[in-house]
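Summary of the model geometry
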Amino acid sequence: GENVEQHPSTLSVQEGDSAVIKCTYSDSASNYFPWYKQELGKRPQLIIDIRSNVGEKKDQRIAVTLNKTAKHFSLHITETQPEDSAVYFCAAPVSGSARQLTFGSGTQLTVLP
Amino acid sequence: DVKVTQSSRYLVKRTGEKVFLECVQDMDHENMFWYRQDPGLGLRLIYFSYDVKMKEKGDIPEGYSVSREKKERFSLILESASTNQTSMYLCASSHGTLNEKLFFGSGTQLSVL
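These lines cover the structure that appears in this document, whether it is placed above or below.

Across a regular strand the side chains alternate sides, sitting on one face of the sheet and then on the other. All names here are of chain A. Looking at chain direction, strand E4 (residues 32–38) and strand E5 (residues 45–51) are connected through six bridges and run antiparallel. By the bridge assignment, Tyr 32 is partnered in E5 with Arg 51. Once E4 ends, the chain turns through six residues before running back antiparallel as E5, passing Gly 41 with a positive phi of about 75 degrees.

Residues and elements named next belong to chain A. Strand order in the open sheet formed by five strands is E1-E3-E8-E7-E6, with antiparallel pairing between adjacent strands. Looking at which strands have only one partner, the edges of the open sheet turn out to be strand E1 (4–7) and strand E6 (56–59). Adjacent strand axes in the sheet meet at a mean angle of 15 degrees, parallel and antiparallel pairs treated alike. Taken together, the four bridges between E1 and strand E3 (residues 19–25) define a ladder with antiparallel strand orientation. Paired with His 7 across the two strands is Lys 22, which belongs to E3.

Residues and elements named next belong to chain B. Taken together, four strands build an open sheet; the order of strands is E1-E3-E8-E7 and the sheet is antiparallel. Every interior strand has two partners, whereas the edge strands, strand E1 (4–6) and strand E7 (64–70), have only one. Pairs of neighbouring strands in the sheet enclose a mean axial angle of 20 degrees, with direction left out of account. Across five bridges, the pairing between E7 and strand E8 (residues 73–78) is antiparallel. Along E8, the bridge assignment pairs Ser 65 with Ile 77.

Glancing now at the side chain of Asp 27 of chain A. Residue and element names in this part refer to chain A. Here Asp 27 is to be found in the loop between E3 and E4. Of the side chains with opposite charge, Lys 71 comes closest to the buried, unpaired Asp 27, at an N-O distance of 7.1 Å. At 2.9 Å, the side chain of Asp 27 forms a polar contact with the backbone nitrogen of Ala 29.

Once that is clear, we can look at the packing of aromatic side chains. Residues and elements named next belong to chain A. Counted by the stated rule, this structure contains 14 aromatic pairs over all chains. Here the aromatic rings of Trp 35 and Phe 73 are separated by 5.7 Å at their centres, their planes lie at 70 degrees, and the arrangement is edge-to-face. Residue Trp 35 is located in strand E4, and its partner Phe 73 is located in strand E8 (residues 72–77); the two are separated by 38 residues in the primary sequence. Overall, the relative accessible area of 0% leaves Phe 73 in the buried class.

Let us look at the nonpolar core. Counting 23 residues, the largest nonpolar core has Trp 35, Phe 73 and Leu 109 of chain A as its most contacted members. For this core, the secondary structure elements donating two or more residues are strand E2 (10–14), E3, E4, E5, strand E7 (62–67), E8, strand E9 (86–93) and strand E11 (107–112) of chain A. Of all hydrophobic cores here, the second largest spans 20 residues; its members include Val 4, Ile 60, Ala 81 and Tyr 89 of chain B.

Evaluation of the coordinates by the stated rule reveals 11 salt bridges over all chains. Among the salt bridges present, the one from Asp 38 of chain B reaches Arg 36 of chain B, with a minimum N-O distance of 2.8 Å. Across the pair Lys 53 of chain B and Glu 69 of chain B runs a salt bridge, and its minimum N-O distance is 2.5 Å. Pair noted here: Lys 53 of chain B is in the loop between strand E5 (42–49) and strand E6 (56–57) and Glu 69 of chain B is in strand E7, with a separation of 16 residues, a long-range link. Glu 69 of chain B matches Lys 53 of chain B in its accessibility class, with the two residues each being exposed. Members of the salt-bridge network, linked through shared partners, are Lys 37, Glu 39 and Lys 42 of chain A.

On to the layout of surface pockets. Put simply, the largest pocket is a space of about 480 Å³. Together, 25 residues line the largest pocket, and Gln 38, Val 87, Phe 89 and Gln 108 of chain A together with Gln 37 of chain B are the ones closest to its centre. Elements with a contribution of two residues or more to the lining of the largest pocket: E9 and E11 of chain A together with strand E4 (31–38) and strand E9 (87–94) of chain B. The greatest single-element share of the lining of the largest pocket, amounting to three residues, is contributed by E9 of chain A.

Cut-offs and rules
- Residues numbered from 1 in each chain as written.
- Chains lettered and ligands numbered in written order.
- Predicted model: local features only at pLDDT ≥ 70, side-chain atom pairs only at ≥ 80, totals over all residues.
- Heavy atoms only, no water.
- Pairing = 2+ DSSP bridges.
- Helix = DSSP H or I, 4+ residues; strand = E, 2+ residues; numbered from the N terminus.
- Axes fitted to C-alpha atoms, helices over the stretch in contact; angles between N-to-C directions.
- Buried < 20%, exposed > 50% of the residue type's maximum accessible area, 1.4 Å probe, protein only.
- Lys, Arg positive; Asp, Glu negative; His and termini not counted.
- Salt bridge = Lys/Arg side-chain N within 4 Å of Asp/Glu carboxyl O.
- Polar contact = N/O pair within 3.5 Å; in protein donor to acceptor, adjacent residues only side chain to side chain.
- Phe/Tyr/Trp six-rings, centres within 6.5 Å; stacked < 30°, edge-to-face > 60°.
- Core = buried A, V, L, I, M, F, W, Y, C linked by side-chain atoms within 4.5 Å.
- 1 Å grid on protein atoms, 1.4 Å probe; cavity = no way out; pocket = protein on both sides within 12 Å on 5 of 7 lines; lining within 4 Å.
- Points joined across faces, edges and corners; volume = space filled by probe spheres on them.

Taken by themselves, the reported measurements are silent on function.
And the structure:
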């Protein structure tokens, strides 16, 4: 099945700096890559996703880039704020499945004031 | 807004007990999922269902079963709870295929003593 590796597991940045989280996947046929954010004590929520026909997608301070050749995708958060502190999960489709996702192990982002 | 409701926020059970975790969604979603969340391991899929009475195994189905008698309700069953099943359990639902986002419940923290 699909294997998704996520790095780093923890990340601390100063408020206002940028944060980057990277994920690699194994199935070259994968075509959909979402990112979920889980604040402490809350449920995961989709924050951005990208499909394989584009290389980058932006939504205000967050962006996702996709390198299909290298089979990796990254989440970029600019001008970080304390409310960005959370666990972030990347995901990719399970090989051969139209409905299942496999998730990365998560990154605990802490934005220091 | 889509609501995915899990019946219990916290649950404490004894080893060997049969445990039922209930999940209800109110948006007529075809797909429903049960994930287990453990620190450093991300979200691991236990079972999912794409229609009433249909179920498919995820990555870690051992020790679990599921039931989907009605479209809005998906139950996770631990036939004989064990201490290694102590975890946070998250239910999720989605419409259609992978291009639709997952809506998560708020989770059930299960402790098996």
